[in-house]
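The lines below spell out each chain.
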Protein chains: 2
Amino acid sequence: MLKAILMDLDDTLYDASAAYRRGEEAAIRFGSDVLELSRQEWEEAWLRGKARTKEILKVSAAQHHRLFYIQHALEYLGRSPFEHAEEIYEAYWNAALDGMCLFDGAEEFLRAVKAKELKLGLCTDMTAATQYRKIRRLGIAKYFDAIVTSEEAGVEKPDRKMFELTLAKLEAAHNEAVMIGDNLRKDVEGAKKIGIRAIWKAGSKEVYDGEAFTCYTDGVLQSYCGL
Amino acid sequence: MLKAILMDLDDTLYDASAAYRRGEEAAIRFGSDVLELSRQEWEEAWLRGKARTKEILKVSAAQHHRLFYIQHALEYLGRSPFEHAEEIYEAYWNAALDGMCLFDGAEEFLRAVKAKELKLGLCTDMTAATQYRKIRRLGIAKYFDAIVTSEEAGVEKPDRKMFELTLAKLEAAHNEAVMIGDNLRKDVEGAKKIGIRAIWKAGSKEVYDGEAFTCYTDGVLQSYCGL
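As the structure is a computational prediction, the values presented were derived from the model and not from experiment.

Scoring rules and cut-offs
- Residues numbered from 1 in each chain as written.
- Chains lettered and ligands numbered in written order.
- Predicted model: local features only at pLDDT ≥ 70, side-chain atom pairs only at ≥ 80, totals over all residues.
- Heavy atoms only, no water.
- Contact = heavy atoms within 4.5 Å.
- Buried area = accessible area lost by both parts, 1.4 Å probe.
- Helix = DSSP H or I, 4+ residues; strand = E, 2+ residues; numbered from the N terminus.
- Nonpolar A, V, L, I, M, F, W, Y, C, P; charged D, E, K, R; others polar.
- Least-squares fit on C-alpha atoms with pLDDT ≥ 70 in both.
- Pairing = 2+ DSSP bridges.
- Axes fitted to C-alpha atoms, helices over the stretch in contact; angles between N-to-C directions.
- Expected span 1.5 Å × (residues − 1).
- Buried < 20%, exposed > 50% of the residue type's maximum accessible area, 1.4 Å probe, protein only.
- Polar contact = N/O pair within 3.5 Å; in protein donor to acceptor, adjacent residues only side chain to side chain.
- Core = buried A, V, L, I, M, F, W, Y, C linked by side-chain atoms within 4.5 Å.
- Domains from an automatic or database assignment.
- Salt bridge = Lys/Arg side-chain N within 4 Å of Asp/Glu carboxyl O.
- Phe/Tyr/Trp six-rings, centres within 6.5 Å; stacked < 30°, edge-to-face > 60°.

S.K.: I would appreciate a short explanation of the interface of chain A and chain B in the present structure.
M.R.: The partner chain B presents 33 residues to the 33 residues of chain A that form the contact. Carbon and sulfur atoms supply 61% of the area buried between chain A and chain B, which totals about 2,600 Å² over both sides. Elements represented by at least two residues in the side of chain A that touches chain B include exactly helix H2 (39–57), helix H3 (66–76), helix H4 (85–97), helix H6 (128–138), strand E3 (146–149), helix H7 (150–153) and helix H8 (160–170) of chain A. With six residues, H6 of chain A is the largest single contributor of residues to the side of chain A that touches chain B. For the side of chain A that touches chain B, the class distribution of residues is 18 nonpolar, six polar and nine charged.

S.K.: Is there a simple way to think about the relation of the copies chain A and chain B in this case?
M.R.: What relates the pair of chain copies is a rotation about an axis plus a shift along that axis. Superposition record for chain A on chain B: RMSD 0.0 Å, screw rotation 180°, translation along axis 0.0 Å. Put plainly, the chains are arranged around a two-fold axis. When the interface residues of chain A are mapped onto chain B, 100% of them again lie at the interface, so the same face is used by both copies.

S.K.: Mind showing me how you'd approach the sheet that holds strand E5 (residues 197–201) of chain A here?
M.R.: Paired through their backbone hydrogen bonds, the strands of a sheet run either parallel or antiparallel. Residue and element names in this part refer to chain A. Strand order in the open sheet formed by six strands is E3-E2-E1-E4-E5-E6, and the pairing between neighbours is parallel. On the outer flanks of this sheet lie E3 and strand E6 (220–221), each paired with one strand and no other. Relative to strand E2 (residues 119–124), strand E1 (residues 4–7) runs parallel, the two being bridged by four bridges. If you follow Ile5 over to E2, its bridge partner there is Leu120. Set on the sheet, helix H9 (residues 184–193) makes contact with strand E4 (177–181) and E5; between it and E5 the angle comes to about 160°.

S.K.: I'm lost on helix H4 (residues 85–97) of chain B in this one. Help?
M.R.: Helical geometry note: an α-helix holds 3.6 residues per turn, so side chains three or four residues apart project in the same direction. An ideal rise of 1.5 Å per residue puts 18 Å on 13 residues; H4 of chain B measures up with 18 Å between its terminal C-alpha atoms. Residues of H4 of chain B that are buried: Ala85, Ile88, Tyr89, Ala91, Tyr92, Trp93, Ala95, Ala96 and Leu97 of chain B. Close packing links the buried residues of H4 of chain B with H6 of chain A together with helix H1 (16–34), helix H2 (39–57), helix H3 (66–76) and helix H6 (128–138) of chain B. At the C-terminal side of H4 of chain B, Gly99 of chain B shows a positive phi close to 85°.

S.K.: Would you mind going over the side chain of Asp8 of chain A with me for this structure?
M.R.: Relative to the helices and strands, Asp8 of chain A is located in the loop between E1 and helix H1 (16–34). Side-chain polar atoms of Asp8 of chain A contact the side chain of Thr12 of chain A, separated by 2.7 Å.

S.K.: Can you help me understand the sheet that holds strand E4 (residues 177–181) of chain B in this one?
M.R.: Residue and element names in this part refer to chain B. If you walk across this open sheet you meet the six strands as E3-E2-E1-E4-E5-E6, and the pairing is parallel. Each edge of the sheet is formed by a strand with only one pairing partner; in this case those strands are strand E3 (146–149) and strand E6 (220–221). Where strand E1 (residues 4–7) lies against E4, four bridges are found, and the strand directions are parallel. Bridge assignment links Met7 to a residue of E4, and that residue is Ile180. Packed on one face of the sheet, helix H8 (residues 160–170) meets E1, strand E2 (119–124), E3 and E4 and runs near 155° to E2.

S.K.: What should I look at first to understand the nonpolar core in this one?
M.R.: Among soluble globular proteins, nonpolar side chains are generally buried collectively. One finds Leu13 and Trp42 of chain A together with Leu13 and Trp42 of chain B to be the most contacted residues of the largest nonpolar core, which totals 107 residues. Non-local contacts of Leu13 of chain B, meaning those with residues more than four positions away in its chain, are made with Met7, Asp8, Leu102, Phe103, Ala106, Leu110, Leu122, Ile140, Phe144 and Tyr224 of chain B. In this structure, Cys123, Leu167, Ala172 and Ala198 of chain A belong to the second largest nonpolar core, which totals 23 residues.

S.K.: Explanation requested: the domain arrangement of chain A in the structure shown.
M.R.: Accessible area lost upon the coming together of the parts serves often as the stated size of an interface. Residue and element names in this part refer to chain A. Partitioning chain A into structural domains gives domain 1 (4–15 + 101–221) and domain 2 (17–97). Summarising the inter-unit geometry, the C-alpha centres of domain 1 and domain 2 are found 27 Å apart. On the domain 2 side, the residues contacting the 16 residues of domain 1 number 17 residues. For the pair domain 1 and domain 2, the two sides together bury roughly 1,300 Å², of which 53% comes from carbon and sulfur. Of all residues in domain 1, Met126, Arg133 and Glu156 give up the largest surface area on contact with domain 2, accounting jointly for 43% of the area buried on that side. With a shortest N-O distance of 3.0 Å, Arg133 and Glu90 are connected by a salt bridge. Where domain 1 touches domain 2, the interface holds eleven residue pairs in polar contact (both at pLDDT 80 or more).

S.K.: What should I look at first to understand the packing of aromatic side chains in this one?
M.R.: What describes a pair of aromatic rings is the distance from one ring centre to the other and the angle between the planes of the rings. All names here are of chain A. Counted by the stated rule, this structure contains 14 aromatic pairs over all chains. Judged by centre distance (5.7 Å) and plane angle (80°), the ring pair of Trp46 and Tyr69 falls under edge-to-face. With Trp46 in helix H2 and Tyr69 in helix H3, the pair connects residues that are 23 residues apart, well separated along the chain. In terms of burial, Trp46 and Tyr69 fall into one category: buried. Note on Trp46 and Tyr92: the rings are 6.1 Å apart at their centroids and 20° apart in plane angle, and the pair reads as stacked.

S.K.: For this particular structure, what's the right way to read unusual backbone geometry?
M.R.: For residues besides glycine, phi is generally negative; the peptide bonds are generally trans as well. Residues and elements named next belong to chain A. For the bond running from Lys157 to Pro158, omega is 10°, close enough to zero to count as cis. Along the chain, Pro158 falls in the loop between H7 and H8. Even without a glycine there, the phi angle at Asp11 is positive, about 70°. In this fold, Asp11 is placed in the loop between E1 and H1. Positive phi values are uncommon outside glycine, yet Met126 reaches one of about 105°. Relative accessible area serves as the criterion here: at 4%, Met126 is assigned to the buried category.

Listed below in structure tokens is the structure:
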């Protein structure tokens, strides 16, 4: 019996890729301005800072922390790690959050899930404070019974700990839940591997890969509209 | 030759214990108010939330994250993890930061270190955003050449990675540096074990333990005044 739905947040409930592009553009524009660097110099430092962050923080939530992208970019430039770091960070998130809205039909979907008295849990990579901020911006806190961030779990999806911590909070067994997410490896394969049904939220960066794909998903969610 | 000084932040450069007490008092007062709970109910939940955070997050920076104390407290009460969580979190930090100031003589000490052209690095447990916020509040960003947080290192002191990442950023060898901190096990013993000289900042929660103590510190800093 279906008792609980586990959902990813970024690119599953709203267009995170577009939001991050807006954030990056704002951070590069504002950063080059306050640091008095050419756009190209700061953009190169930003990309190196981001790469360094991914390199040293690997599969932890902090690998997504834009404050580290900026700190490492400043270190690469031989400047103070504190130089305008918090301001650039805020410029990033203000732009990313500005205009952030749910995919069409997503709110109706969440409402319908609650009307069926299913438990609903967010199972999301990234640091908690950032995810709380997005959830407030999107106005969806009221639909969720639980949240698990990779910062809390200490690992990222597809690590089973992410799913199992969410299930525990929702008091649901593996076979009583379904995971919905846009990332085939992390969300879909990760859940399926430990006996949780999974549905792929299509329309993300990932390309539908015919046969290989159908082996490991229980369904494809093309759009929330008209579900 | 001494080339670099590594410093802890909390309870080494300012009175963190007092700041955290102010934060906790504000979070408990404000929290019981917005959640419509008796002070005792919310205080008990807070302590359980804090214990749960320490239990699952162990030696990672996130074990200090007050947002998790609050989230786990709300989970314990069977309430939404989002219910006023960010507001209570802000109440905590606004109160903790309010009135936060350096120990007497600490700024003169930092200035003297810079005047001697020694490199200065912060080597501190806790999440980066929180430490940046404290550093801004204390007005000491200008003295530091580098920062390493346990969120960045992925481990906490006394793990050698904390010290070695700081040394690398300061371009100093183990025998060219000294670590100053208030925690005997983490700061002093941690540094000494890998061949970095260490000075204990006295006057913290820890008690001076005569003989056992003198074995593993290179000195005691009783006060910054008149150094």
